[in-house]
Amino acid sequence: MSNQRYLSGTALKLFTFTLLTGTFTMSISQSALSTAYPTLMAYFDLSATTVQWLTTGFMLVMCVMMPISPWLLNNIPFKRLYMGILSLFTIGTLLIVFANQFGWVLFGRALEAIAVGVLFPSFQTVLLTITAENQRGQIMGLAGLVMGSALACGPIISGIILNYFSWRGLFIAFILIILTVLATANFTISDIMPAKPYHLDGLSVLCTTGLIGLLYVISSANHPTINPIGLWGIGLVSCLALGYFVYRQLTQTTPLLNLHILGYLNYDIAVGLTAISYISLIVTTVIYPLYFQAQLKLTPLLSGLALVPAAVVLSLLNPLAGRLADKIGFKPTLLVGLTMISIGWLALIGFYQWLSLPLMILCACFIEGGNAFVMMPAVTLGANSLPDQVLADGTAVTTTIRQIAGALGVTLATLLLSVAGYQVVFISLLGLTLIGLGLATQLHPK
């Protein structure tokens, strides 16, 4: 049942604006550091493999927190939860600003990631709950505009700030915006979600840390100084923990992550397409700035500005994608998006020997523009495939799998880059997108 009766039209608009502003800022923080990698590598005297943990580690902690979001949403009044999320993000960012060692930066990023990991599924659940099914395409198009544009704009904003300030200036900007949102939220955010208290399965939460161990093993596979026996041990324990996590979710009465919903028609494919599109987007925001600075010798500012056209295309197409999905259906919309993404990766591969800045920008426009027609339409399709009583579980499963896929994509892309080069990364992403095209053809009309 819709909860729109709890808010007036103006109050609902202010509520949504405040919610999306906080989400936009936190989403920017997820990808903003990719442009700053060379700066941070020089400042802390570290390799790219180590520094990329500021992004990969961030995404992994998000993955651990996302399954907990339904419990938090059902057990804590939403206003208190949202204010707590903003406050925790601010504390983590403050730690980074005053950090003089990389370990403290990493810890601050972990606190930021806890906040973002709780917020992402929660804000989507709230938006879907207060929106009628026939309008969900439009509202999730708006959500996609916020999340996708923020993810694409992260490297751009980072490049601009780094041109005039130190890397700490980037995090000071985050603090100023979040403090403003925090002050506004006290007046505009309401307890719009009904309370449904239930027990939290702590053992399942513990098992999710196996994700961190598994991706640590993957990212360290090419590191010459790490003991391979110890690495295999960590990998084995991590796989056992994840295996037990899956078993527990399928056998518990109130699982932390309701994996049974993957059996709903179209939902499983929608989740897979969301994950595939997200990998393309997040890898683009990480690999492109590295290529611009390492191969084309651009400054952080120019490498950030070079991503502006693609971000603009993504921003313009996101609302259109939502309306298009409502009008012509999800399957055609998704096929259009996946075809655009495939063209982008194929062009990068086919013209690899002649890659220039204009050509790379054009390819990025296809990849990120195609993403607009895949990610949020797939999220909306998945939500529409589920009964309302498991909507919170659905968004938690979707966002968790998407973040796991993104973290895995960044880790594998960085590893492939270090051992085989950019072209192999592009080929791998094309192959993954073609798998997505095959999945989209299997969608059933409702």
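Relevant structure appears above.
What this report covers is the structure whose coordinates are included nearby. (Residues numbered from 1 in each chain as written. Predicted model: local features only at pLDDT ≥ 70, side-chain atom pairs only at ≥ 80, totals over all residues. Heavy atoms only, no water.)

Now for the overall build of the protein chain. The secondary structure content of the protein chain amounts to 20 helices and zero strands. Scaling as 2.2 N^0.38, a compact globule of 446 residues should have a C-alpha radius of gyration of about 22 Å, and the protein chain matches this with 21 Å. For the protein chain, the spread of C-alpha atoms along the principal axes amounts to about 55 × 45 × 45 Å. For the protein chain, buried positions account for 59% of its 446 residues. Put simply, the protein chain shows about 17300 Å² of open surface, and 70% of that area lies on carbon and sulfur atoms. (Helix = DSSP H or I, 4+ residues; strand = E, 2+ residues; numbered from the N terminus. Rg over C-alpha atoms; globule rule 2.2 N^0.38 Å. Buried < 20%, exposed > 50% of the residue type's maximum accessible area, 1.4 Å probe, protein only. Areas by Shrake-Rupley, 256 points an atom, 1.4 Å probe, with all protein chains shown as cover.)

Together, Ile 160, Tyr 164, Phe 165, Leu 302, Leu 305, Val 308, Val 312 and Leu 316 give the surface a local cluster of nonpolar side chains, amounting to about 770 Å² of exposed area. If you list the elements that add at least two residues to the nonpolar patch, you get helix H8 (136–164), helix H14 (300–305) and helix H15 (308–328). The dominant element in the nonpolar patch, judged by the number of residues it contributes, is H15, at three residues. Checked against the element boundaries, Phe 165 lands in the loop between H8 and helix H9 (167–188). Using a relative accessible area of 57% as the deciding quantity, one classes Phe 165 as exposed. (Patch = residues over 30% accessible without salt bridge, like charges linked within 9 Å, V, L, I, M, F, W, Y side chains within 5 Å. Salt bridge = Lys/Arg side-chain N within 4 Å of Asp/Glu carboxyl O.)

Let us look at the packing of aromatic side chains. Taken as a whole, this structure holds 14 aromatic pairs when the rule is applied. Where Tyr 43 meets Trp 167, the ring centres are 5.5 Å apart and the plane angle is 70°; that geometry is what we call edge-to-face. Taken as a pair, Tyr 43 in helix H2 (residues 37–44) and Trp 167 in helix H9 lie far apart in primary sequence, 124 residues in all. A relative accessible area of 45% places Tyr 43 in the partly exposed class. (Phe/Tyr/Trp six-rings, centres within 6.5 Å; stacked < 30°, edge-to-face > 60°.)

Before going further, it helps to spend a moment on the side chain of Ser 158. The residue Ser 158 is located in helix H8 in this model. Overall, the relative accessible area of 0% leaves Ser 158 in the buried class. Discounting chain neighbours no more than four positions away, the residues touching Ser 158 are Ala 32, Thr 35, Ala 36 and Leu 170. (Contact = heavy atoms within 4.5 Å.)

The next thing to look at is the pattern of salt bridges. Scanning all chains against the criterion turns up two salt bridges. Note that Glu 112 and Arg 109 form a salt bridge whose closest N and O atoms lie 3.2 Å from each other. Separated by three residues within a single helix, Glu 112 and Arg 109 lie in helix H7 (residues 102–129), roughly one turn from each other. Of the two residues examined, Glu 112 and Arg 109, each falls in the buried class. Notably, a salt bridge pairs Asp 201 with Arg 248, separated by 2.7 Å at the nearest N-O pair. Here the residue Asp 201 occupies a position in the loop between H9 and helix H10 (202–207), and Arg 248 occupies one in helix H12 (residues 228–251), the gap between them amounting to 47 residues. Arg 248 matches Asp 201 in its accessibility class, with the two residues each being buried.

Here helix H13 (residues 267–294) spans 40 Å end to end across 28 residues, near enough to the 40 Å set by a 1.5 Å rise per residue. Approximately 30° is the largest bend angle found in H13, and it occurs at Thr 284. Most of H13 is tucked away: 25 of the 28 residues are buried. (Expected span 1.5 Å × (residues − 1). Bend = angle between axes of the 7 residues up to and from the residue.)

On to the nonpolar core, then. Counting 147 residues, the largest nonpolar core has Leu 19, Phe 78, Tyr 82, Leu 273 and Leu 348 as its most contacted members. With 17 residues, H13 is the largest single contributor of residues to this core. (Core = buried A, V, L, I, M, F, W, Y, C linked by side-chain atoms within 4.5 Å.)

With that settled, consider the packing of helix H11 (residues 210–219) against H12. Between H11 and H12, whose axes approach to 8 Å, the crossing angle comes to 145°. In terms of crossing hand, the pair formed by H11 and H12 is left-handed. On the side of H11, the interface is formed by Gly 210, Leu 211, Gly 213, Leu 214, Tyr 216 and Val 217, while H12 contributes Leu 231, Ile 234, Gly 235, Ser 238, Cys 239, Ala 241 and Leu 242. Here the contact of H11 with H12 is built from residues that sort into nine nonpolar, four polar and no charged. (Axes fitted to C-alpha atoms, helices over the stretch in contact; angles between N-to-C directions. Left-handed = near helix turned anticlockwise from the far one by under 90°. Nonpolar A, V, L, I, M, F, W, Y, C, P; charged D, E, K, R; others polar.)

So, about helix H6 (residues 78–97). Its 20 residues give H6 an end-to-end C-alpha distance of 29 Å, which sits within 8% of 28 Å, the value for a rise of 1.5 Å per residue. Within H6, the full set of buried residues consists of Phe 78, Leu 81, Tyr 82, Met 83, Ile 85, Leu 86, Phe 89, Thr 90, Gly 92, Thr 93, Ile 96 and Val 97. The secondary structure elements touched by the buried residues of H6 are helix H1 (9–31), helix H5 (69–75), H7 and H9.

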